[in-house]
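A look at the structure
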Amino acid sequence: MSSDSIALPRAEAASRPLVDALHGWVTTVDHKRLGILYILYALIFLVIGGIEAGIMRIQLMHAHNDFVSPQVFNRMFTMHGTTMIFFVAMPLVFGFANYLIPLMIGARDMAFPRLNAFSFWLMAFGGFLLYFSLVGANGLYGAGNAPDVGWFAYAPLTSRTFSVGHSTDFWTLGLLVSGFGSIGTAINILTTILCMRCPGMSLGKMPLLAWLNLVMSGMVILAISPLTAAQAMLLVDRYLGGHFFDTQAGGSAVVWMHFFWIFGHPEVYVLAIPAFAFASEIIPVFSRKAIFGYPVMVAATICIGFIGMSVWAHHMFTVGMSSSANTFFVLSTMAIAVPTGIKIFNWLATMWGGKIEFKTPMLFCVAFLFQFLVAGLTGIMLGAAPFDWQLSNSYFVVAHFHYVIVGGILFTIFGAFYYWFPKMSGKMCNETLGKLHFWLFFIGFHLTFDFMHIPGMLGMPRRIYTYEPGRGWDVWNLIVTIGVFFQALGTVIFVTNLLWSYFKGKAAGSDPWDAWTLEWSTLSPPPAYNFASIPVVKSRRPLWDLKHPNDPDWKYE
Amino acid sequence: MKRSTLQKALLIASSMVSHAFAEPMAFASPTNIFAPVSTPAKSIFGLSMFVLAVTAAIFVVVFTLLAYSVVKFRKRADDDGREPPQVYGSNQVEIAWTVIPVLVVLTLLVATARVIADVQNAARPDNAIEVTAIGHQFWWEFRYPALGVATANELHVPVSDGNHPTPTFIKLLSADTDHSFWVPRLAGKTDLIPNHPNSMWIDPHETGVYLGQCAQYCGTQHAKMLLRVYVQSREDFERWIREQRQPAVVADAVSEGRRVFETTACINCHSVAGTMATGRFGPDLTHLMSRETIAAGAALNTPENLRLWIRNPDAIKPGSLMPAMQLNDRDLDALTAYLETLR
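Residues numbered from 1 in each chain as written. Chains lettered and ligands numbered in written order. Predicted model: local features only at pLDDT ≥ 70, side-chain atom pairs only at ≥ 80, totals over all residues. Heavy atoms only, no water.

Some points on the interface of chain A and chain B
- Listed as interface residues are 105 residues of chain A and, on the opposing side, 93 residues of chain B.
- Summing both partners gives a buried area of about 8,200 Å² for chain A against chain B, and 69% of it is carried by carbon and sulfur.
- At the boundary of chain A and chain B, one finds 36 residue pairs in polar contact (both at pLDDT 80 or more).
- The residue inventory of the side of chain A that touches chain B, partitioned by class, reads 64 nonpolar, 28 polar and 13 charged. (Contact = heavy atoms within 4.5 Å. Buried area = accessible area lost by both parts, 1.4 Å probe. Polar contact = N/O pair within 3.5 Å; in protein donor to acceptor, adjacent residues only side chain to side chain. Nonpolar A, V, L, I, M, F, W, Y, C, P; charged D, E, K, R; others polar.)

Thoughts on the sheet that holds strand 4 (residues 154-158) of chain B
Residue and element names in this part refer to chain B.
- The sheet built from three strands is open, its strands ordered 4-10-9 with mixed pairing. If you trace the sheet from one side to the other, it starts and ends with strand 4 and strand 9 (208-213), each paired once. Adjacent strand axes in the sheet meet at a mean angle of 25 degrees, parallel and antiparallel pairs treated alike.
- Sitting on the sheet, helix 4 (residues 234-245) is in contact with strand 4 and strand 10 (226-232), with an inclination near 130 degrees to strand 4. (Pairing = 2+ DSSP bridges. Helix = DSSP H or I, 4+ residues; strand = E, 2+ residues; numbered from the N terminus. Axes fitted to C-alpha atoms, helices over the stretch in contact; angles between N-to-C directions.)

Considering the packing of helix 3 (residues 31-59) of chain A against helix 4 (residues 70-104) of chain A
Residue and element names in this part refer to chain A.
- At their nearest, the axes of helix 3 and helix 4 sit 7 Å apart, and the two run at 155 degrees to each other. When the axis of helix 3 is compared with that of helix 4, the two are roughly antiparallel. Relative to helix 4, the crossing made by helix 3 is left-handed.
- Of the residues in the contact of helix 3 with helix 4, the class split is 24 nonpolar, nine polar and two charged. (Parallel < 35°, antiparallel > 145°, perpendicular 65-115°, else oblique. Left-handed = near helix turned anticlockwise from the far one by under 90°.)

Examining unusual backbone geometry
Residue and element names in this part refer to chain A.
- In this model, alanine 155 is joined to proline 156 through a cis peptide bond whose omega is 0 degrees.
- By the secondary structure assignment, proline 156 is in the loop between helix 5 (113-136) and helix 6 (167-195).
- Between serine 524 and proline 525 the backbone carries a cis peptide bond, its omega angle lying at -15 degrees.
- Here proline 525 shows up in the loop between helix 16 (474-504) and helix 17 (542-547).
- Despite not being glycine, tyrosine 529 shows a phi value in the positive range, around 65 degrees.
- Take tyrosine 529: it is sitting in the loop between helix 16 and helix 17.
- The class for tyrosine 529 is exposed, based on a relative accessible area of 54%. (Buried < 20%, exposed > 50% of the residue type's maximum accessible area, 1.4 Å probe, protein only.)

Observations regarding the packing of aromatic side chains
Residues and elements named next belong to chain A.
- Following the criterion strictly, the structure yields 79 aromatic pairs over all chains and no others.
- With a centroid separation of 6.2 Å and 45 degrees between ring planes, the pair formed by phenylalanine 244 and phenylalanine 245 is classed as tilted.
- A relative accessible area of 39% places phenylalanine 244 in the partly exposed class.
- Relative accessible area serves as the criterion here: at 2%, phenylalanine 245 is assigned to the buried category. (Phe/Tyr/Trp six-rings, centres within 6.5 Å; stacked < 30°, edge-to-face > 60°.)

Pasting the structure below:
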């Protein structure tokens, strides 16, 4: 009898494995599980943001199309931009950082596991708040649901005069909440890298991925804070009678622009530097060579971090700054081309003289090199202020920053998926599906974003829900829209590949790429707390040293 | 069957490509930034060509290096499985690819700074035409303070010839949200920001109509906040000014329409000089029929469009701030007839 009463709860638990598993995931403080949560969360929003982009592209397929109303179109571009930056790119970057950094520096978890979980759930709640606007923002006004002020939400369009209802409030709160999450994660990454490296791993022996995420985290703290402040000020304006951005009462629309862009431009590097980090790990392994010029790569990244904080007003060349202010921001903007160029040259030099294997991760990284080069060059065009007076707010700008964010950042993130999926799941990704994904996405990307530059140079502004015939924009817009279908198909193949490989893929083993950093020294997937015993390293490539005992790196570093 | 569909698809694709590339028509656009007809746009064009040349050169060099290493250093089928020689870096080459970009950047900076100063700090001659442009959701108000003229959406300026330049200086204000004045063939864009006056200038060298539109998202109908600039010979421009300064002349035949206009909400927002209508929220209608378009360029100024616009603005420009006036057909006809006399 007594044994029955003991067995009862055990039987109940065994019959609810799904609930237990869910409970495990919701309450986890394990950096690997949180990393995967970030990544899955971002993938869901990637699909949502992609659908929003598709709706816009169908609407712009030809002149005077009426697929959606102007109100819906304006909500689509606001939600697309906000979603892709804050709820796709940021969580992807943080997800990989969370998963990889402790493994790569030989630590058992992040420095603050509970803060880590708290940060993730804040960001998740932020995304939920943004999308809750679809049901909650109408208020009593019937004012329409999702935010429609554009992702940089220029004042005074966000004031209660011009934005009735609560859509702007949901936008503000969503960003405010997820911003706190980002700052928490940044503090966590900084502390982890500075305090938890394994014995022997001095700062100069860290993998580049750790260095670059260190710089990224510093930038997050500096960049997200002004955004958070600005969101608080906007709420004060909207509900407490403040006049920060209230131009009818002496407030300044330009102050909002400064607040937003001193966040907005460093944000580009917050996303790009982790992308550089992935490239800096993947390119050497598939070229079979050590990274060329490691100290210079570190120095260039720190340079980008500093200069990246001083270029923000190049988003504001058309707002009527003085000629000397304009010239200063031309200087800082062009100066950043130098360290970025150094990075591209170092990656090329890493490939030079190597034995390059074009597995899927490397394909994405080579495409990244090409596309990031083009994005940098169109960036120089936009950085020449007078040229920007023409190109600013045109489709040329839209093409340029998608070249950066999709062609540069998303491509390396895809590369990172294929490279670290075996570590995360213990299974290899299907190489054929991977290559199919690559080529579909590559073709789609170039159809869409190469041709998107042209209507911009022919005078087409961004954020217009329709356009007049006879402007010479029709053909280009049609090609751009066709490219979207290729990208969508590529994404479907990608998701299929992840699912198929997870269930049916070949076992990966602990080191499928014959790589050199510490994450490949433990099991795939890594056990709880990562390492049975904390590793000790002597060089930047500890596994190279193990595999080549006669010719170890530490003899040369 | 399959083949014919494929052939059709190829035919469409190839015709599209040839249409796009072979015919220069595909690049022909009334808003092409590379077809400047005014000094600021020409200065920008010159700089653009220089920047394009420099970036193209960089592209060729780096792309060649990338293509070469991808082809040359790929793993061969007969690879011996040994790791290639490990190279950790080289200070000489790092210095080389730091110094050369620095020199390129400095060159670009000097060229850019010159054009910024030329365009932004240009002196205003005494005979310059002065215009105040005020951005509204979703239309343009143009005032000529020295000439006593107010109009909307269609800016008239005199042509400026090299020997006797008569540039137009435009003061940019906003009545509500941010807007941006962009007529690509005349000048780069400058924003109209409330509580933050800006200015720009143009000196078009050829007569004609130049198109543009608002280039800063300003709300629901940002897309149909279109701009037309009429560049006229000196004589035509002066005649236009004289006509615009006349008060409205009202014929007796349309007094019924005038009664409708002056007894409904029309006068809250619109002005007709010389009458009791003095609203400032919407465009000045004193010389409505002298304009080629209505609704900020969203429709041609025909009697049918005008009638439709009064009856149901959303049919032409959904989200426009002009309310549907809910008039019966008789009043609507009378009102349209009245407006058509405002020449």
